[in-house]
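Structural overview
Each chain, written out:
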Amino acid sequence: MSVVCPNCHHQEPEGALFCPECGSKMIIDDGLSTTRIISDEINKEMASKSSTSTSAFQAEAPDIETFISLHIVQTGQILPLVGREEFTIGRVSDGQSILPDIDLTPYEAYAQGVSRLHATIQIKDDTVVVTDLGSANGTRVNKEKITSHVGHLLNHGDIINLGQLRIQTLIRKDKIVS
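Attention here is on the structure that accompanies the text. (Residues numbered from 1 in each chain as written. Predicted model: local features only at pLDDT ≥ 70, side-chain atom pairs only at ≥ 80, totals over all residues. Heavy atoms only, no water.)

1. A look at the pattern of salt bridges
Scanning the entire structure with this criterion turns up one salt bridge. A salt bridge links R84 to D101, with the shortest nitrogen-to-oxygen separation between them at 2.4 Å. Residue R84 is found in the loop between β4 (78-80) and β5 (86-90), and its partner D101 is found in the loop between β5 and β6 (102-103); the two are separated by 17 residues along the sequence. (Salt bridge = Lys/Arg side-chain N within 4 Å of Asp/Glu carboxyl O. Helix = DSSP H or I, 4+ residues; strand = E, 2+ residues; numbered from the N terminus.)

Structure follows, in structure tokens:
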């Protein structure tokens with residue numbers, strides 16, 4: 001049994017995660033959900049390493065959890081950002097030694113003017129920041145060009161342009177109830 005790549009239509013054995021021809025994700029999740037950035041395991045680990053009392057630890061912990069996904073406007077695909085506090089965004093090309101965390105190649109990134117390492121997105125407590133990494137075609141937030149290597153605060157619904165590729169930020173902030 002084989003599966004067909006949704007991008008280049010190359011056939012691969014069942015269970016393949018990425019197409020070796022074009023690098024596209026073979027399993028497409030069209031769900032519109034966001035996923036949790038701060039996990040209970042991380043909070044438990046931090047609590048066990050803390051030498052202070054439980055009430056003191058809870059006072060220091062952030063009282064807001066941030067959930068973020070990127071909505072590729074042209075395709076409608078949702079890319080949840082999970083498991084880290086910082087993500088590099090760009091495209092992959094042959095011979096590239098440093099790869100982006102989020103590969104936009106399947107979304108015609110080269111034709112849209114996305115650099116190999118175009119920008120970063122950082123999530124810290126209840127803030128989300130985008131930083132252009134000196135890309136050739138620049139980064140815009142809500143049509144305003146941002147300065148390279150300077151963080152720019154993002155809000156829910158903001159539109160990021162990496163070159164001509166439009167991405168909408170989907171940010172949800174939940175208050176932690178203890």
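2. Digging into a nonpolar patch on the surface
Residues I98, L117 and L133 make up a contiguous nonpolar surface patch of about 230 Å² in total accessible area. Its place among the elements puts L117 in strand β7 (residues 117-124). (Patch = residues over 30% accessible without salt bridge, like charges linked within 9 Å, V, L, I, M, F, W, Y side chains within 5 Å. Areas by Shrake-Rupley, 256 points an atom, 1.4 Å probe, with all protein chains shown as cover.)

3. Focus on the nonpolar core
Counting residues in hydrophobic clusters, the biggest one holds 25 residues, and the most contacted among them are L70, I102, L104, I121 and L162. Here L70 is in contact with Q77, I78, L79, L81, I89, I102, I121, I167, Q168 and T169, once residues within four sequence places are set aside. (Core = buried A, V, L, I, M, F, W, Y, C linked by side-chain atoms within 4.5 Å. Buried < 20%, exposed > 50% of the residue type's maximum accessible area, 1.4 Å probe, protein only. Contact = heavy atoms within 4.5 Å.)

4. Quick word on the sheet that holds strand β8 (residues 127-132)
What the five strands build is an open sheet, ordered β6-β5-β7-β8-β11; its pairing is mixed. Either end of the sheet is taken by a strand with one partner, and the two such strands are β6 and β11 (152-154). Direction of pairing for β5 relative to β6: parallel, over a ladder of two bridges. The partner of G90 across the bridge, within β6, is D103. (Pairing = 2+ DSSP bridges.)

5. Observations concerning the packing of aromatic side chains
The way to describe two aromatic rings as a pair is by their centre distance and the angle between their planes. Taken as a whole and assessed by the stated rule, the structure comprises zero aromatic pairs. Above the ring of F67, the side-chain terminus of R172 is found at 4.3 Å from the ring centroid. (Phe/Tyr/Trp six-rings, centres within 6.5 Å; stacked < 30°, edge-to-face > 60°. Lys NZ or Arg CZ within 6 Å of the ring centre and 35° of its normal.)

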